[in-house]
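Spelled out, the chains give:
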Amino acid sequence: MTQSSGHSGPQASGELPVDPEHDVAGSYAFEPDYIKALTDRIVSTTGQSVTTYAPATGQPLAVIPQSSEDDVRAAVARARKAQQAWAQTSLDDRAAKLLRLHDLVLDRQDEIMDIICSETGKARKHAFDEPLHIALTARYYARTAHKHLDPERRLGVIPGLTRAEVNHVPKGVVGIIAPWNYPFSLALCDGLPAILAGNAVVTKPDAQTMLTALLGAQLLEEAGFPRDIWTVVAGPGRQLGTPLIEGSDYVCFTGSTATGKVIAKQCADRLIGCSLELGGKNPILVLRDADIERAAEGAVRACFSNAGQLCVSTERMFVADQIYDRFVERFVAHVEAMKLDAGLGWGSDMGSLTGQDQIDAVSAHVDDAVAKGAHVLAGGKARPDLGPYFYEPTVLEGVSPDMACFGDETFGPVVSVYRFHDEADAVSRANEGQYGLNASVYSRDLKRARIIARHIKCGTVNINEAFGATFASIDAPMGGMRESGMGRRQGSEGIHRYTETQAVASQSVLRFSPQFGMDDQKYAKVMTASLRLMNKLGRA
Ligand code: NAD
């Protein structure tokens with residue numbers, strides 16, 4: 001693994017105004033006015049605040065005003081009022097605003113990436129995935145708005161006389177609770193279809209990444225969305241989650257499986273819907289006919305994008321016996337060539353972890369595995385010389401079920417490599433455990449890989465790619481099976497979750513009761529005969 005130049009300080013890569021007075025090498029210092037314009041968006045009357053720190057350097061980053069439970073209720077009330085007028089606007093108008101957001105996000109990508117890198121410590125190339133994903137999402141939903149939301153004709157019971165259609169009615173206020181790992185993408189991607197469908201959003205981003213989420217809210221307003229359609233509260237999830245769920249008509253949560261279960265119970269008590277995008281222990285299968293170089297390169301992205309702090313990141317790799325040694329040699333060579341770096345510039349292959357909890361969890365998994373007999377093929381240690389939370393990309397071999405990293409999500413840059421002899425066995429090992437989020441299959445035989453994909457119990461399966469093929473195909477639904485979640489983002493599933501389907505049917509000429517002088521018995525006979533006729537005619 002090559003070393004970086006360490007803390008080289010903010011680089012002139014973006015448009016984010018850097019305070020020239022605040023000359024702390026390696027810190028990410030933004031002008032106070034810039035931060036204030038963002039934090040003023042938080043619904044907060046408490047007078048309390050918390051300081052956030054840049055993970056790559058440990059330096060203070062921003063002072064974030066905190067919301068109380070009453071502030072959350074006020075945010076929901078504002079959203080509910082604004083939603084009533086918003087739902088009356090035309091779909092074309094809402095879609096046009098999304099297209100403006102698309103362009104704004106691409107125009108301002110440097111500013112967005114600077115603020116993401118500052119709050120998360122991730123490498124710039126991993127931050128780039130976020131504006132990219134939001135631009136794709138905005139354009140997809142803007143261009144498909146009518147397809148998803150226009151009233152749909154359905155079959156009426158009496159051909160020609162019963163006209164049935166389905167309306168997609170907005171639910172009202174959608175509460176979004178988001179994590180820190182992809183703070184721009186996950187603050188916005190679920191909310192864009194919600195507001196397009198005529199809802200208002202109240203969002204509670206993670207405490208670590210408030211500035212990024214607030215920049216997203218600012219860009220929405222600049223794109224033309226009314227301010228109260230997207231309100232932001234700040235504070236601990238355990239405190240603010242309950243009033244947010246109590247006030248919302250639907251909840252969209254992204255985060256850990258443990259928190260997802262708490263949220264699901266609270267939503268169940270109110271009989272409101274929720275979608276839960278949760279954790280994973282994602283496998284890659286490298287089949288015997290895989291292109292070894294392509295698989296080794298793809299595996300690096302699969303395992304170490306955002307230092308493995310990615311829900312769809314690979315933590316288990318099953319490699320066919322016939323190519324195991326050659327593949328592992330190439331994979332390890334790629335990993336050892338990775339450049340670790342802090343800073344806002346391009347050129348780093350992996351950045352910092354995002355906090356103390358993360359480095360503690362990653363170290364604990366690696367130390368436990370090594371103590372119980374696993375071999376470290378690459379990495380395996382923290383790098384305090386680069387920053388407080390840097391950890392090397394780590395490849396383990398010989399991991400067994402008694403080790404924590406065998407089945408528990410590490411959510412860090414650690415992958416275990418296993419050999420397999422038989423593809424059916426590899427699939428069944430990939431399906432072990434409680435998770436089912438994402439998988440990859442590498443093979444030159446696409447047909448066989450597709451058949452194998454159908455047997456993998458994961459919500460997304462990428463063939464000859466890490467995770468981007470499914471994640472960036474916004475028309476395809478994304479989400480987890482089993483304990484990796486409930487519901488789907490993206491595609492028609494990702495927007496219809498925010499609408500109630502309402503059936504409207506109008507009836508002409510015939511009514512559903514005896515007429516033309518029939519009695520009830522005669523009516524029953526006529527209806528029975530009509531049903532038989534319809535079946536003969538092949539009608540549904
Ligand atoms: P987390 O569950 O601790 O926190 C996520 C969010 O929930 C934060 O905003 C937090 O403040 C809030 N929260 C915490 N407790 C809450 C409660 N009781 N009520 C309401 N809100 C509460 O998760 P994390 O550690 O921040 O994120 C990492 C996890 O998220 C990993 O497991 C990862 O796999 C998962 N994740 C999943 C996806 C996906 O799309 N499936 C995407 C990103 C991350």
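Before any of the text, the structure's been laid out above.
The structure contained in this document is the topic of the report that follows. Just so it is clear, the structure is predicted and the values come from calculations on it, not from any experiment. (Residues numbered from 1 in each chain as written. Predicted model: local features only at pLDDT ≥ 70, side-chain atom pairs only at ≥ 80, totals over all residues. Heavy atoms only, no water.)

Some points on the overall build of the chain
Scanning the chain for helices and strands turns up 20 helices and 18 strands. By the compact-globule yardstick of 24 Å for 540 residues, the chain fits well, its C-alpha radius of gyration being 26 Å. Over its C-alpha atoms, taken along the principal directions, the chain stretches across nearly 95 × 60 × 40 Å. Buried positions account for 55% of the 540 residues belonging to the chain. Here the analysis covers contacts within the chain between residues at least 6 apart in sequence; of these, 73% occur between residues at least 24 apart. In the structure as shown, the chain presents an accessible area of about 22,000 Å², 53% of it carried by carbon and sulfur atoms. (Helix = DSSP H or I, 4+ residues; strand = E, 2+ residues; numbered from the N terminus. Rg over C-alpha atoms; globule rule 2.2 N^0.38 Å. Buried < 20%, exposed > 50% of the residue type's maximum accessible area, 1.4 Å probe, protein only. Contact = heavy atoms within 4.5 Å. Areas by Shrake-Rupley, 256 points an atom, 1.4 Å probe, with all protein chains shown as cover.)

Focus: the pairing of strand E5 (residues 173–177)
Most of E5 is tucked away: five of the five residues are buried. Side-chain alternation along E5 places Val173, Gly175 and Ile177 on one buried face and Val174 and Ile176 on a second face that is also buried. Relative to strand E6 (residues 200–204), E5 is paired through five bridges, and the arrangement is parallel. When the bridges of E6 are listed, Ile177 appears paired with Lys204. Bridging between E5 and strand E8 (residues 250–254) involves four bridges; their strand directions are parallel. Residue pairing in the sheet places Gly175 in a bridge with Val251 of E8. (Pairing = 2+ DSSP bridges.)

Remarks on the nonpolar core
Residues Leu101, Phe304, Met317, Phe327 and Phe331 are the most contacted members of the largest nonpolar core, which totals 152 residues. No other element matches the eight residues that helix H12 (residues 292–304) contributes to this core. (Core = buried A, V, L, I, M, F, W, Y, C linked by side-chain atoms within 4.5 Å.)

Quick notes on the layout of surface pockets
One number sums up the size of the largest pocket: a volume of about 1,400 Å³. Taken together, the elements giving at least two residues each to the lining of the largest pocket come down to strand E1 (49–53), helix H10 (237–247), E8, helix H11 (257–270) and helix H14 (356–371). No other element matches H11, which puts six residues into the lining of the largest pocket. Class assignment for the residues of the lining of the largest pocket results in 21 nonpolar, 20 polar and six charged. Considered as a void within the structure, the second largest pocket measures approximately 520 Å³ in volume. Around the second largest pocket, the lining is made up of 27 residues, and of these His126, Asp129, Arg301, Ser305 and Phe467 lie nearest the centre. Every element with two or more residues in the lining of the second largest pocket is listed here: helix H5 (124–143), helix H7 (183–188), H12 and helix H18 (468–471). With seven residues, the top contributor of residues to the lining of the second largest pocket is H5. When the residues that make up the lining of the second largest pocket are grouped by side-chain class, the tally is 13 nonpolar, seven polar and seven charged. (1 Å grid on protein atoms, 1.4 Å probe; cavity = no way out; pocket = protein on both sides within 12 Å on 5 of 7 lines; lining within 4 Å. Points joined across faces, edges and corners; volume = space filled by probe spheres on them. Nonpolar A, V, L, I, M, F, W, Y, C, P; charged D, E, K, R; others polar.)

Here's the deal with the side chain of Arg497
Along the polypeptide, Arg497 turns up in the loop between helix H19 (491–496) and strand E18 (499–507). Not counting residues within four places of it along the chain, the set of residues in contact with Arg497 comprises Lys171, Asp190, Tyr250, Cys252, Ser275, Glu277, Arg488 and Arg489.

Some thoughts on the sheet that holds strand E3 (residues 152–154)
Read from one edge of the open sheet, three strands run E3-E4-E18, paired in antiparallel fashion. Each of the sheet's edge strands pairs with one partner strand only, and the pair in question is E3 and E18. Taking the axes of each pair of neighbouring strands and ignoring which way they run, one obtains an average angle of 30 degrees across the sheet. In terms of strand pairing, E3 meets strand E4 (residues 162–170) through three bridges, oriented antiparallel. The residue of E4 that forms the bridge with Arg154 is Ala164. (Axes fitted to C-alpha atoms, helices over the stretch in contact; angles between N-to-C directions.)

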